[in-house]
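Spelled out from the first residue to the last, the chains are:
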Amino acid sequence: MKTSTSSLWTADASPTALGRQVKTSERVASAILELIIERELQAGDRLPNEAEMIEHFDVGRGSLREALRILETFGLIVLRSGPGGGPVLLRVNPRDVSRSFSLYLNLGGATLEELAEARLLLEPLVARKAAESLTPESAEQIRRALDREAGDGVEPSIIVERANDFHYTLALSTGNTVLNLLATALKEMYTSRLVNIGLAEKTTDSTIRHEHAAIGEAVMAGDADLAERLAREHFRTHFEQIKAASPGFVASRITWA
């Protein structure tokens, strides 16, 4: 539901309590986020203009602009210029979460093999949780993902895209927001690096859809044990293909990207 800019501030509204423990810009960013949640703003909604927010939060222009840049860096808003521009809400994108993760993992010296090991632990749990949390709605989403994957021919880039879509759908089907975002962000981090060097298309062929179909059917049948086992076998098999194709890649350090 769209909320007009003018309705965000009421005449008797007092400035949001910002606290004093962190930088002003970070406190303002946090307060804007709380406002977004409180007002149930959606992707595409505009935040109030600069003058309104400066008055509401009782801060300087520099602090407000830095706060907006913080939110933009995390992929929560986009700052559009020109008439009708300003800060506009974006949909939360696992790619932005993945980028934040990769910064810290890069600094920590984490490798692609460590990322793969983490996914080997996580992906089977995602399949199990999806089976245990199955609803008619999630079953329908999984069925649609499998149908899309089965009907898109053998173009390598399309195969990779639909394979990713299946994993994202499975993570969403867990019904656990934290698990969904974590699994999807790690999947994005892993696959994007394979794609960037052309390795994804070399190691992903049409047989992957049959493995996904088996996992999906187990999930939709509510067979958590089978879904978990198939997901583990699926990821282990695929990673072995990656290692055979590019031993140096799996040992390389995760870069910030």
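Scoring rules and cut-offs
Residues numbered from 1 in each chain as written. Predicted model: local features only at pLDDT ≥ 70, side-chain atom pairs only at ≥ 80, totals over all residues. Heavy atoms only, no water. Helix = DSSP H or I, 4+ residues; strand = E, 2+ residues; numbered from the N terminus. Buried < 20%, exposed > 50% of the residue type's maximum accessible area, 1.4 Å probe, protein only. Contact = heavy atoms within 4.5 Å. Areas by Shrake-Rupley, 256 points an atom, 1.4 Å probe, with all protein chains shown as cover. Lys, Arg positive; Asp, Glu negative; His and termini not counted. Charge placed at Lys NZ, Arg CZ, Asp CG, Glu CD. 1 Å grid on protein atoms, 1.4 Å probe; cavity = no way out; pocket = protein on both sides within 12 Å on 5 of 7 lines; lining within 4 Å. Points joined across faces, edges and corners; volume = space filled by probe spheres on them. Nonpolar A, V, L, I, M, F, W, Y, C, P; charged D, E, K, R; others polar. Arc of directions from axis to C-beta. Phe/Tyr/Trp six-rings, centres within 6.5 Å; stacked < 30°, edge-to-face > 60°. Polar contact = N/O pair within 3.5 Å; in protein donor to acceptor, adjacent residues only side chain to side chain. Salt bridge = Lys/Arg side-chain N within 4 Å of Asp/Glu carboxyl O.

Novice: Just give me the short version of the overall build of the protein, but keep the residues and values in it.
Specialist: Helix and strand counts for the protein come out as 12 helices and 2 strands. Expressed along its principal axes, the backbone C-alpha trace of the protein runs to roughly 60 × 45 × 35 Å. Burial status across the protein gives 40% buried among its 257 residues. Sequence-distant contacts, at least 24 apart, represent 74% of the contacts inside the protein between residues at least 6 apart. Looking at the protein as shown, the accessible area adds up to about 13700 Å², and 53% of this sits on carbon and sulfur atoms. Charged side chains of the protein number 29 positive and 36 negative; the gap between the two group centres comes to 4 Å.

Novice: Please set out the layout of surface pockets residue by residue, giving values where relevant.
Specialist: Rolled over the atoms, a probe as big as a water molecule pinpoints where empty space is left. Space inside the largest pocket adds up to approximately 320 Å³. Lining the largest pocket are Leu33, Ile36, Ile37, Glu40, Leu41, Gln42, Ala43, Leu76, Leu89, Leu90, Arg91 and Val92. Looking at the lining of the largest pocket element by element, the count peaks at 3 residues for helix 1 (residues 24–38). A per-class count over the lining of the largest pocket returns 9 nonpolar, 1 polar and 2 charged. A volume near 220 Å³ is recorded for the second largest pocket. In terms of lining residues, the second largest pocket is bounded by Glu72, Thr73, Phe74, Asp96, Arg99, Ser100, Leu103, Tyr104 and Trp256. Those elements that provide at least two residues to the lining of the second largest pocket are helix 3 (61–73) and helix 4 (94–108). Counting residues per element, the lining of the second largest pocket draws most heavily on helix 4, which supplies 5 residues.

Novice: Any details on helix 2 (residues 50–57)? Residues and values, ideally.
Specialist: Turning to helix 2, its buried residues are Met53, Ile54, His56 and Phe57. In an axial view of helix 2, the angular spread of the buried residues amounts to 170°, which keeps them on one side of the axis. Relative to its buried face, helix 2 has exposed residues pointing more than 90 degrees away, namely Ala51 and Glu55. Those residues of helix 2 that are buried are in contact with helix 1, helix 3 and strand 2 (86–89). In the segment just after helix 2, aspartate 58 is the residue with positive phi, at about 55°.

Novice: Describe in detail empty space enclosed by the protein, supporting the description with residues and values.
Specialist: Tallying each qualifying case throughout the model produces 3 cavities of 30 Å³ or more. The computed volume of the largest cavity comes to approximately 150 Å³. Lining of the largest cavity is provided by 16 residues; of these, Lys187, Thr191, Thr204, Ile208 and His238 occupy positions nearest its centre. Counting only elements with at least two residues in the lining of the largest cavity, the list comes to helix 7 (156–172), helix 8 (177–196), helix 10 (208–220) and helix 11 (224–245). The residue makeup of the lining of the largest cavity, split by class, is 7 nonpolar, 7 polar and 2 charged. Approximately 50 Å³ is the volume attributed to the second largest cavity. Considering the residues around the second largest cavity, the lining is formed by Glu123, Phe166, His167, Leu170, Ile215, Ala231 and His234. Put simply, the parts of the chain that give the lining of the second largest cavity at least two residues each are helix 7 and helix 11. Sorting elements by how many residues they give to the lining of the second largest cavity places helix 7 first, with 3 residues.

Novice: I'd like a description of the packing of aromatic side chains, backed by residues and values.
Specialist: Scanning the model with the defined rule gives 2 aromatic pairs in all. Aromatic pair tyrosine 190 and phenylalanine 235: ring centres 5.7 Å apart, planes at 45°, arrangement tilted. Within this pair, whereas tyrosine 190 is found in helix 8, its partner phenylalanine 235 is found in helix 11, the two being separated by 45 residues in sequence. In this structure phenylalanine 235 comes out as buried when scored by relative accessible area, which is 5%. Each ring, one from phenylalanine 235 and one from phenylalanine 239, has its centre 6.3 Å from the other, and the planes form 10°; the classification is stacked. One end of the pair is phenylalanine 235 and the other is phenylalanine 239, both in helix 11 and 4 residues apart, which spans about a single turn.

Novice: Could you give an account of the side chain of asparagine 180, naming the residues involved and the relevant values?
Specialist: Among the structural elements, asparagine 180 can be located in helix 8. Classification of asparagine 180 as buried rests on a relative accessible area of 18%. Separated by 3.4 Å, the side chain of asparagine 180 and the backbone nitrogen of leucine 172 make a polar contact.

Novice: How would you sum up the pattern of salt bridges? Please name residues and give values.
Specialist: Taken as a whole, this structure holds 14 salt bridges when the rule is applied. With its nearest N and O atoms 3.1 Å apart, the salt bridge here joins arginine 119 to glutamate 123. With a gap of 4 residues between them, arginine 119 and glutamate 123 both fall in helix 5 (residues 112–132), about one helical turn apart. The same class applies to arginine 119 as to glutamate 123, namely buried.

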